[in-house]
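Examining the three-dimensional arrangement
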Amino acid sequence: MPRLSESNLRVAAEIIGRYPRSKSALIPLLHLAQEQDGYVADDAMQHLAELLDLTPAEVLGTCSFYEMFKREPVGDYRINICHGISCHLVGADELIHHAEASLGVRQGTVTNDGISIEGVECIAACTEAPCLQVNYRYMNKVNNDGFDALVEGIRDGSVSVPKHGILALTRQHIPEDRAAGNALVETNVAPAWWPEPAAEEGSS
Amino acid sequence: MPFEKIVTQRFDNVEAHKIATYEATGGYVALRKALDMTPQAVHDEVKAASLLGRGGAGFPAGIKWGFCPPGVWPRYLVVNGDESEPGTYKDRQLLERDPHQVIEGCLLACYAVGLTQCFLYIRGEMAHAQERVAAALNEAYAAGYVGKNILGTDFSVDIVLHWGAGAYIVGEETALIESLEGNRGMPRLKPPFFPAAVGLYGQPTIVNNVETLANLPWIIDRGADAYTAMGAENSKGTRVFAVSGHVNKPGVFEVEFGTTTFRDLIEGSDYAGGVRDGKAIKAFIPGGASAIWFYEEHLDLPLEKVTIDKAGSMLGSGAIVVMDEDTDMVKACHNLVRFFARESCGKCTPCREGTTWLERILARIMAGHGRPSDLSLLTEVCESISPGMLWPPRQTTICPLGPSAVSPIASSIVRFRDEFEDYIKLSDRRVIPVGSA
Ligand SMILES: Cc1cc2nc3c(=O)[nH]c(=O)nc-3n(C[C@H](O)[C@H](O)[C@H](O)COP(=O)(O)O)c2cc1C
Ligand code: SF4
Ligand code: FES
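Notes on the structure in this doc start here. (Residues numbered from 1 in each chain as written. Chains lettered and ligands numbered in written order. Predicted model: local features only at pLDDT ≥ 70, side-chain atom pairs only at ≥ 80, totals over all residues. Heavy atoms only, no water.)

**Points about unusual backbone geometry**
All names here are of chain B. Cis geometry is adopted by the peptide bond preceding Pro-74, which originates at Trp-73 and carries an omega value of -10 degrees. Of note, Pro-74 is situated in the loop between helix 4 (61-65) and strand 1 (75-81). For the bond from Pro-191 to Pro-192, the omega torsion is 5 degrees, close enough to zero to count as cis. Within the fold, Pro-192 resides in the loop between helix 8 (173-180) and strand 4 (205-209). Despite not being glycine, Tyr-201 has its phi angle at roughly 50 degrees, a positive value. Inspection of the secondary structure assignment puts Tyr-201 in the loop between helix 8 and strand 4. A positive phi angle, close to 55 degrees, is found at Asp-277, a residue other than glycine. Residue classification places Asp-277 among the exposed residues on the basis of a relative accessible area of 65%. (Helix = DSSP H or I, 4+ residues; strand = E, 2+ residues; numbered from the N terminus. Buried < 20%, exposed > 50% of the residue type's maximum accessible area, 1.4 Å probe, protein only.)

Following this line, the structure appears as structure tokens:
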């Protein structure tokens, strides 16, 4: 079902409505497509192009720039092991070697049961090094045993992590009666709370 | 310690992300106070506080706000929550642990500068921060702090949670704007694309870091005088540092600018507690992967912008990475250069090609295929990206990412030249496959 579902279309409409120009919604909508299917399918990109009045090439152009978007199925559990400098200093490379040996796959490939590992750049948890993310959920100060326990937990279901593609479980919702509304790019009007122009002169 | 924590003041409270806790601990008081002031008065207070930007460049926020051309509307606020500079870990904590403080900061900036819409751009990989901010925004809208006619006044602003998808370069402010417009995150040329003049959708746009904005509620609530009472001559208030690497107690610490030294932070028992296993320090990065490294002789420098700039590096993103005496400096250097090579957006040739070659040459040295001429080759490539290899760096590139890749090499190739030479001496010269290492 690589086109957006009915319910996701409603989410998409709400997201698009928040931006003065609809193309700004493209990255959030690519995430939505990836959340639905686990990856960004060609048909999904086609659908987004229709929704945002873009060419499929424009959608692909943006999609292909960003690391997180996968354009083919990648397995349900992606373990990203940080190999940034702080993690490197305290054993990230050894952890990655252990992970490869333990899972029997190289970085970037997927096990038969849908687990993959990858060395990634700093994930902003440097004081908790060495650290990793499973589908963008953190695990701090991971040693070899911790890694093996994590994989076991994923396999027996005791570690519950949303499947790859699902990011935040809470969405922003702006109630219609509370929205300030988009600032119209084309109308050069000062905001309501701004003092009259005479008072503004000293402002810069 | 005669100073007060500002942005981390609620970090001990695990409920601080909820609106009730935030309100019960002084939250949204500054907003109410600001709404009784004129926008200009709020702006003046921030200017008087000399609040320095926390994203890396350390530019005073109040002065940046003044760069919006008068009479051009609408103006936007883009919050830079892309935190991905290796070693940096503070914005994510502020977003996860005290999201309302960031939201209130956004509101104050919008009110003061006349910004009618705010986009809070959070790094894509930070799922939990996105959840916390989404929940906090939903609460803040329901409570009337965000949206139409805030607290019954004519101040109206939407704050839109936006999130990225994995690209360090998007932290550069013009690339951030490109990304927010739905494009590939490639930097724009400055001039003419200074965001305050020509930013999001071509309109005046203020880009501020998460931590910068998180300081605003305190400043407005307590006043610029209270803020400037803390800190040093040229760096007022407090600042958050993450200390990582070979230390006993890696951690995130808010300290007073200027009165604290690197030694206090790295060795102090209240802070990182010294180098692991009683070892000596070999080098440390004072301000994120882009910074020139410091050594033992720099430990007693105060954490203060001007002093550090003069000493030849920067406080940057507040990331201190400690390397002990056993660190392999060639490997550390390669690790940092590889980061920049992978994250180069490819828009300009010296950076796209140069960082790739730097990484390959270092990889080949480490793999035992280095040539004696490789050290001068490294220097030559560095020169083509950042002529003179000076600090602050000059650049042949569109943005500072290219020169950032030069920093680790400029730092290590002189001081630890023997380590590079040792690798090369041991090289097996029969095989010299460039790039296949
Ligand atoms: C390659 C590069 C990456 C950057 N990454 C970030 C970042 O992740 N977060 C950030 O706040 N600023 C980052 N900056 C700095 C921003 O361009 C900008 O100066 C900053 O967001 C302005 O906010 P401030 O004045 O509040 O510090 C980066 C700059 C460069 C050149
Ligand atoms: S310096 Fe590097 S990252 Fe910056 S614009 Fe040029 S290629 Fe892109
Ligand atoms: S270097 Fe690993 S989290 Fe920053």
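**Brief notes about the sheet that holds strand 2 (residues 115-122) of chain B**
Residue and element names in this part refer to chain B. If you walk across this open sheet you meet the four strands as 3-2-1-4, and the pairing is parallel. Both edges of this open sheet fall to strand 3 (158-163) and strand 4, since each of them pairs with a single strand only. Geometrically, the sheet is characterised by an average inter-axis angle of 20 degrees between neighbouring strands, direction not taken into account. Bridge count for strand 1 against strand 4 is five bridges, and the pairing is parallel. By the bridge assignment, Asn-80 is partnered in strand 4 with Asn-209. (Pairing = 2+ DSSP bridges. Axes fitted to C-alpha atoms, helices over the stretch in contact; angles between N-to-C directions.)

**Description of helix 4 (residues 56-63) of chain A**
Helical geometry note: an α-helix holds 3.6 residues per turn, so side chains three or four residues apart project in the same direction. The set of residues buried in helix 4 of chain A consists of Val-59, Gly-61, Thr-62 and Cys-63 of chain A. Each element contacted by the buried residues of helix 4 of chain A is listed here: helix 2 (26-37) and helix 3 (42-52) of chain A. (Contact = heavy atoms within 4.5 Å.)

**Regarding the packing of helix 16 (residues 374-385) of chain B against helix 17 (residues 401-415) of chain B**
Residues and elements named next belong to chain B. Across the interface, helix 16 lies against helix 17 with an axial gap of 9 Å and an inter-helix angle of 145 degrees. Regarding helix 16 and helix 17, the two cross each other, and that crossing is left-handed. Of the residues in helix 17, those in contact with Leu-375, Leu-378, Thr-379, Cys-382 and Ile-385 of helix 16 are Gly-402, Pro-403, Val-406, Ile-409 and Ile-413. (Left-handed = near helix turned anticlockwise from the far one by under 90°.)

**As for the pattern of salt bridges**
Residue and element names in this part refer to chain B. According to the stated counting rule, one finds 33 salt bridges over all chains in the structure shown. Here Glu-419 makes a salt bridge to Lys-282, at a shortest N to O gap of 2.6 Å. A residue pair is termed long-range when its members are at least 10 positions apart, and Glu-419 in helix 18 (residues 417-425) and Lys-282 in strand 7 (residues 281-285) qualify at 137 residues. The pair formed by Glu-419 and Lys-282 is uniform in burial state, with each residue classed as buried. Here Arg-364 and Asp-374 are joined by a salt bridge, their closest N and O atoms 2.5 Å apart. Highlighted residues: Arg-364 in helix 15 (residues 349-366) and Asp-374 in helix 16, separated in sequence by ten residues. The exposure classification of Arg-364 matches that of Asp-374, with both residues buried. A cluster of three or more residues bridged by salt bridges with shared partners is formed by Arg-54, Lys-90, Asp-91 and Glu-211. (Salt bridge = Lys/Arg side-chain N within 4 Å of Asp/Glu carboxyl O.)

**So, the packing of aromatic side chains**
In this structure the tally under the stated criterion is 21 aromatic pairs over all chains. Both rings, one in Phe-65 of chain A and one in Tyr-66 of chain A, keep their centres 5.0 Å apart while their planes meet at 75 degrees; by these two values the pair is edge-to-face. Judged by centre distance (6.2 Å) and plane angle (65 degrees), the rings of Tyr-168 of chain B and Phe-340 of chain B are edge-to-face. With Tyr-168 of chain B in the loop between strand 3 and helix 8 and Phe-340 of chain B in helix 14 (residues 329-343), this residue pair connects regions lying 172 residues apart in the sequence. For Tyr-168 of chain B, a relative accessible area of 15% gives the class buried. Residue Phe-340 of chain B is classed as buried on the basis of its relative accessible area, which comes to 0%. Here the aromatic cluster, defined as three or more aromatic residues joined through ring pairs, consists of Tyr-19 of chain A together with Tyr-76, Phe-119 and Tyr-201 of chain B. For the cation-ring pair, Arg-188 of chain B lies above Phe-193 of chain B, with the distance from its terminal atom to the ring centre recorded as 5.5 Å. Residue placement shows Arg-415 of chain B over the ring face of Tyr-295 of chain B; its charged tip is 3.9 Å from the ring centre. (Phe/Tyr/Trp six-rings, centres within 6.5 Å; stacked < 30°, edge-to-face > 60°. Lys NZ or Arg CZ within 6 Å of the ring centre and 35° of its normal.)

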